Amino acid sequence: MNEKQRSILLESSARFPTPQGVKLSYGTAGFRADASILQSTVFRVGILAALRSLKTQSLIGLMITASHNKISDNGVKIADPSGGMLTQDWEPFADALANAADSQHLVQLIDEFVKKENIPLEGSQLVEILLGRDTRPSGESLLEAAKQGISSVVGAVANDMGVLTTPQLHWMVRARNKGMKASELDYFDQLSSSFRCLMDLVPQVRAINEMNDKLIVDGANGVGGEKLEILKKMLSGLDIDIRNSGKEGVLNEGVGADYVQKEKVAPYGFGSADVGLRCASLDGDADRLVYFSVLSNSNNKIDLVDGDKILSLFALFIKEQLRILNKDGDEKLNKYYHARLGVVQTAYANGASTDYLKQLGLEVVFTPTGVKYLHEKAAEYDIGIYFEANGHGTILFSEHFLCWLEGRNNELSATSEGSEKQKAAMRLLAVSKLINQAVGDALSGLLLVVATLRHMGWSVHKWSELYHDLPSRQLKVKVLDRTAVVTANAETVVVSPPGIQEAINAETAKYPRARCFIRPSGTEDVIRVYAEATTQEAADSLANSVAQFVDQFLGFGSS
């Protein structure tokens, strides 16, 4: 690092002293905390983004959001060149950077890292970082801190894209690095045109079914409601009523997908007048989505259609299109492509959903908890679908498969325009454009559900009846040291300490169709317990018994 660069970093970082006694850690959500203590962290993540851009020689994204957290919180995270999350290899450096005690330590850390990674820091190259923020009042000043961090690296330029959903920023980064147009209008155009294409391809018999097509959306009083208002104007023939769009209520307070999914109640602004209607809820930065319907005489209780059921609906639809595309002996004509379709879940997916997917003959695989693991695994397939129960997920299409599909669609439109096969090819191409392949996106997911239900001719009730969730219970046990628990097989088996898995197995065997696992929390000294059984009483009893084992082996009872 030359002297000019060193002095710029020293001078700019001195304006952002670190808060006393705060230690932050970069996880799936980036850095998150009370907004009042984040200035120095966001400034330093600006530096990180610039270095990442220089290293990859690509455009990088920086998003300021705390998603479904309360309004006084905020956070910051990086979007890598693919539009995905920051590579895990850089997370330890992110932690060290955020927690460096003072300017001298910070510059020393950067100097060492730049040498180790061979990052060209002499200012001869120009790189660009796209910035976005959600609607939180603290976002503006934090964005300014990020800009100052970026501009303290010679050659790095910040491009402020304004208020965005998190998935919009990730989409823009991916599109720009593929050499495509990537304004907010381009995003809306791609979503609305691919949605229109899917709706135009709905089988005629189904299209005229008198279904209740109204959709009521809870915008979590966040950026998603705001953006859906814009998108709505571009969608003809879809009756959307947007509530909690942020004009009056408080972000994530009694609203949003996280609240609806955890509490299993209707969000604020929904009531008896909405009984039986199709409703959906976005989270604070619009990267999660759940559907629901309000039950009658229920005191706000709902029938929840979570991420597991969204995944099942998409898997069913895609499997059907592949079947149509490959029927009638195309194998002999070399026009057959055996696409590998994979469904990726974590151990938290309800056992009933896994059973249902396997009964459909789908390949279901498990990964440890966390979007980065799910996304990575889904990318191994021609078409990989992943969703967590909380409503975060997407569908990935391999470049190889899309290339084949484009070619096949061109062939079919030349030889058998309007045939069932050609329609199936067009539907799959439209899905690949409507779904956000960079990251889970509530707006694109919302529209894909609408199009798929219309295609099937299903109401939200029929969809909800695909299978019935097994009752489950989640508990947390405070422990002295969470790292004492080591798991294997996508966190479903405890390897260490010895004896605990045997105890869990013996307890689980007492209940029919039961399963139970424990895993260390990623953020606090607690062990999480998940239990599932055929009745709520059995699930509660199993969870409580296993929580007691954990306490005996590792908790404060053990000391």
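Rules behind the numbers
- Residues numbered from 1 in each chain as written.
- Predicted model: local features only at pLDDT ≥ 70, side-chain atom pairs only at ≥ 80, totals over all residues.
- Heavy atoms only, no water.
- UniProt positions renumbered as here; feature names shortened; annotations may be inferred.
- Buried < 20%, exposed > 50% of the residue type's maximum accessible area, 1.4 Å probe, protein only.
- Helix = DSSP H or I, 4+ residues; strand = E, 2+ residues; numbered from the N terminus.
- Pairing = 2+ DSSP bridges.
- Right-handed = clockwise from strand over helix to strand, strands pointing away.
- Axes fitted to C-alpha atoms, helices over the stretch in contact; angles between N-to-C directions.
- Contact = heavy atoms within 4.5 Å.
- Polar contact = N/O pair within 3.5 Å; in protein donor to acceptor, adjacent residues only side chain to side chain.
- Parallel < 35°, antiparallel > 145°, perpendicular 65-115°, else oblique.
- Left-handed = near helix turned anticlockwise from the far one by under 90°.
- Nonpolar A, V, L, I, M, F, W, Y, C, P; charged D, E, K, R; others polar.

Per an unreviewed UniProt entry, the chain goes by Phosphoacetylglucosamine mutase and derives from Davidia involucrata. Per UniProt, the chain has the following entry under Catalytic activity (unreviewed entry): "N-acetyl-alpha-D-glucosamine 1-phosphate = N-acetyl-D-glucosamine 6-phosphate". Quoted verbatim from the Pathway (unreviewed entry) field of UniProt, the annotation for the chain is "Nucleotide-sugar biosynthesis; UDP-N-acetyl-alpha-D-glucosamine biosynthesis; N-acetyl-alpha-D-glucosamine 1-phosphate from alpha-D-glucosamine 6-phosphate (route I): step 2/2."

Engineer: Can you help me understand the pairing of strand β11 (residues 341-345) in this one?
Structural biologist: Moving residue by residue along a regular strand, the side chains alternate between the two faces of the sheet. In terms of burial, β11 is largely enclosed, as 5 of its 5 residues are buried. The alternating pattern of β11 places L341, V343 and Q345 and G342 and V344 on opposite faces, both of which are buried. Pairing of β11 with strand β13 (residues 383-387), which is carried by 4 bridges, proceeds in the parallel orientation. If you follow G342 over to β13, its bridge partner there is G384. Relative to strand β12 (residues 363-366), β11 runs parallel, the two sharing 4 bridges. Across the sheet, G342 pairs through a bridge with E363, a residue of β12. Taking the sense of rotation as the criterion, the β-α-β connection linking β11, helix α12 (residues 351-359) and β12 turns out right-handed.

Engineer: Is there a simple way to think about the environment of E537 in this case?
Structural biologist: For E537, the location among the structural elements is in helix α19 (residues 536-554). You can call E537 exposed: its relative accessible area is 59%. As for E537 and D308, which are separated by 229 residues in sequence, their C-alpha atoms are 23 Å apart.

Engineer: How do you make sense of the sheet that holds strand β18 (residues 515-520) when you look at a structure like this?
Structural biologist: Here we have 3 strands laid out as an open sheet, ordered β15-β19-β18, and antiparallel in their pairing. Bordering the open sheet on either side are β15 (472-478) and β18, each of which pairs with just one other strand. Averaged over neighbouring strand pairs, the angle between their axes works out to 15° when direction is ignored. Here 7 bridges tie β15 to strand β19 (residues 526-532), and the two strands are oriented antiparallel to one another. Opposite Q474, over in β19, you have Y530 as the bridge partner. Across the sheet, α19 lies against β15, β18 and β19, angled at about 20° from β15, the strand it touches most.

Engineer: How should the side chain of N69 be read in this particular structure?
Structural biologist: Structurally, N69 is set in the loop between β2 (60-64) and β3 (73-79). Looking at N69, its side chain comes within polar contact range of the side chain of R32, at 3.2 Å. Contact partners of N69, with chain neighbours within four places excluded, come to R32, R136 and N252.

Engineer: In this structure, what is going on with the packing of helix α7 (residues 184-200) against helix α15 (residues 420-434)? I would like to understand it.
Structural biologist: Axes are the key here: two packed helices are described by the angle between their axes and the distance separating the axes. Axis separation between α7 and α15 bottoms out at 8 Å; the angle between their running directions is 155°. One element, α7, and the other, α15, form an angle in the roughly antiparallel class. The handedness of the crossing between α7 and α15 is left-handed. Across from Q190, L191, S194, F195, C197 and L198 in α7, the residues of α15 making contact are M426, R427, A430, V431, K433 and L434. Considered class by class, the residues forming the contact of α7 with α15 number 8 nonpolar, 2 polar and 2 charged.

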